[in-house]
Structure formats: C-alpha cells, structure tokens
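Working through the structure, step by step
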Amino acid sequence: MLNQKINYFWSMINIALQGAEFFAYHGFYPEEQKIGCRFLVDIAVGFEPVTDLKDGLHNTVDYEKVYAITCEEMKIPSKLIETVGQAITNQILLKYPFVKTIEVTIKKLNPPLTGRVAQSSVTINYPPTT
C-alpha cells in the first residue's frame, strides 16, 4: 500500500491576500491626491490547476507576485479606486491567464466625508457577475 500511486483530483483552488495595507494618493479631490490616505486591499484569485502542483509555484498563483502587482498599481495615483481595482485585476489576468475568478476589494480608511465613516470600498469581480 505504501508504494501505491495516488491520483490527485483538484477542484477550484483559491489564494487570498487580506488586509494588505498601503498609503497612497488616490482620490477624486486634489487634497486627497496631495495628502494621501490609508487603504486596505483584499484579493482572492480562483483557479483550477491543469496539472499536479508538485509542491512548486510553476502551476499555481504565487501570492507574493499578486502582492507585488498590487504594490505597483497602488503607487500610481488615480482619482477613482475603481480604476485601481480594475488595473490590479487586469495585471493579475495578464500574469496568470488561467485564473477563473478574481475579486479585488479596496477600502479607503476614514474617507473625507462630512460625517465619521470608517471606510468606503469598491469591489471588482472577474468574471463580471450579472
């Protein structure tokens, strides 16, 4: 029994980054782009491996690379966090064209509103939900 080969059958695998924190200069108003704000980013990526993972990174989604993509996109000032979320999604798809699902949520902490609000957020889903 010890020498018996095991066939692996994979279903969807999800990798996730939760609560990645950034200080960035996103915002519609010029003041937001000057003083900056804190953001939290959550990303989930789903895929079905086409072969056995063999305990290596070549057939999976490397969350270190997903984090690096997010860092680069968060450095580019944008008026809308929707634009940033879509850019992150697009770059993940370019790097990993085999992914089936992506969800990117960007939370702006303490947005500049007339009342106290803990956070505003935007979620981008791929593929788009109908």
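For the structure, check the block above.
In short, a report on the structure. (Residues numbered from 1 in each chain as written. Predicted model: local features only at pLDDT ≥ 70, side-chain atom pairs only at ≥ 80, totals over all residues. Heavy atoms only, no water.)

1. Some words on the environment of proline 30
Definition in use: Numbering of helices and strands starts at the N terminus; helices are DSSP runs of H or I of at least 4 residues and strands are runs of E of at least 2. Accessible area is worked out with a 1.4 Å probe on protein chains only. A residue is then buried under 20% of its type maximum, exposed over 50%, and partly exposed in between.
On the secondary structure map, proline 30 appears in helix α1 (residues 30-35). A relative accessible area of 47% places proline 30 in the partly exposed class. The spatial distance from the C-alpha of proline 30 to the C-alpha of lysine 79 is 8.8 Å, given a sequence separation of 49 residues.

2. Points about a nonpolar patch on the surface
The following threshold applies: To count toward a patch, a residue needs a relative accessible area above 30% and no salt bridge. Like charges then connect within 9 Å, nonpolar side chains (Val, Leu, Ile, Met, Phe, Trp, Tyr) within 5 Å. Shrake-Rupley sampling with a 1.4 Å probe provides the accessible areas, and residues are treated as covered by the protein chains on show and by no other component. Salt bridge, as used here: a side-chain nitrogen of Lys or Arg that lies within 4 Å of a carboxyl oxygen of Asp or Glu.
A surface patch of nonpolar side chains, about 320 Å² in accessible area, is lined by Phe28, Tyr29 and Leu80. When you line up the elements, leucine 80 lands in the loop between α2 (63-74) and α3 (81-95). On the basis of relative accessible area, leucine 80 is assigned to the partly exposed category, the value being 41%.

3. Some remarks on the packing of α2 against α3
How two helices sit against one another is set out by the angle between their axes and by the gap between those axes. Worth spelling out the cut-off: For helices, the fitted axis covers only the stretch in contact; all axes are lines through C-alpha atoms, and the angles between them, taken along N-to-C directions, range from 0 to 180 degrees. Angle categories are assigned with fixed cut-offs, so that under 35 degrees is roughly parallel, over 145 is roughly antiparallel, 65 to 115 is roughly perpendicular, and the rest are oblique. Crossing chirality is assigned from the near helix's rotation relative to the far helix, an anticlockwise turn below a right angle marking it left-handed and a clockwise turn marking it right-handed. For this analysis, residues touch if any pair of their heavy atoms sits within 4.5 Å. Under the grouping applied here, Gly and all other residues not named as nonpolar or charged are polar, the nonpolar ones being Ala, Val, Leu, Ile, Met, Phe, Trp, Tyr, Cys and Pro and the charged ones Asp, Glu, Lys and Arg.
Axis separation between α2 and α3 bottoms out at 9 Å; the angle between their running directions is 140°. Taken together, the axes of α2 and α3 lie oblique to each other. Relative to α3, the crossing made by α2 is right-handed. Residues Lys65, Val66, Ile69, Thr70, Glu73 and Met74 of α2 pack against Val84, Ala87, Ile88, Gln91, Ile92 and Lys95 of α3. The residue inventory of the contact of α2 with α3, partitioned by class, reads seven nonpolar, two polar and three charged.

4. Topic: the pattern of salt bridges
On inspection of all chains with the given rule, the structure shows five salt bridges. Residues aspartate 42 and lysine 107 are paired through a salt bridge, measuring 2.8 Å at the closest nitrogen-oxygen approach. Residue aspartate 42 is located in strand β2 (residues 37-47), and its partner lysine 107 is located in strand β3 (residues 101-109); the two are separated by 65 residues in the primary sequence. Assessed through its relative accessible area of 18%, aspartate 42 is described here as buried. The residue lysine 75 makes a salt bridge to glutamate 72 at a minimum N-O spacing of 3.2 Å. Taking the relative accessible area as the measure of exposure, lysine 75 reaches 59% and is therefore exposed.

5. Some thoughts on the sheet that holds β3
Convention followed: One bridge is not enough; two strands pair if DSSP finds at least two bridges between them.
The strand order β1-β2-β3-β4 describes an open sheet built from four strands, whose pairing is antiparallel. Unpaired on one side and paired on the other, β1 (13-24) and β4 (119-126) mark the two borders of the sheet. Neighbour-to-neighbour, the strand axes of this sheet turn through a mean angle of 10°, independent of strand direction. For β3 and β4, the ladder comprises eight bridges, and the chain directions are antiparallel. Note on β4: the bridge partner recorded for lysine 108 is serine 120. Set on the sheet, α3 makes contact with β2, β3 and β4; between it and β3 the angle comes to about 150°.

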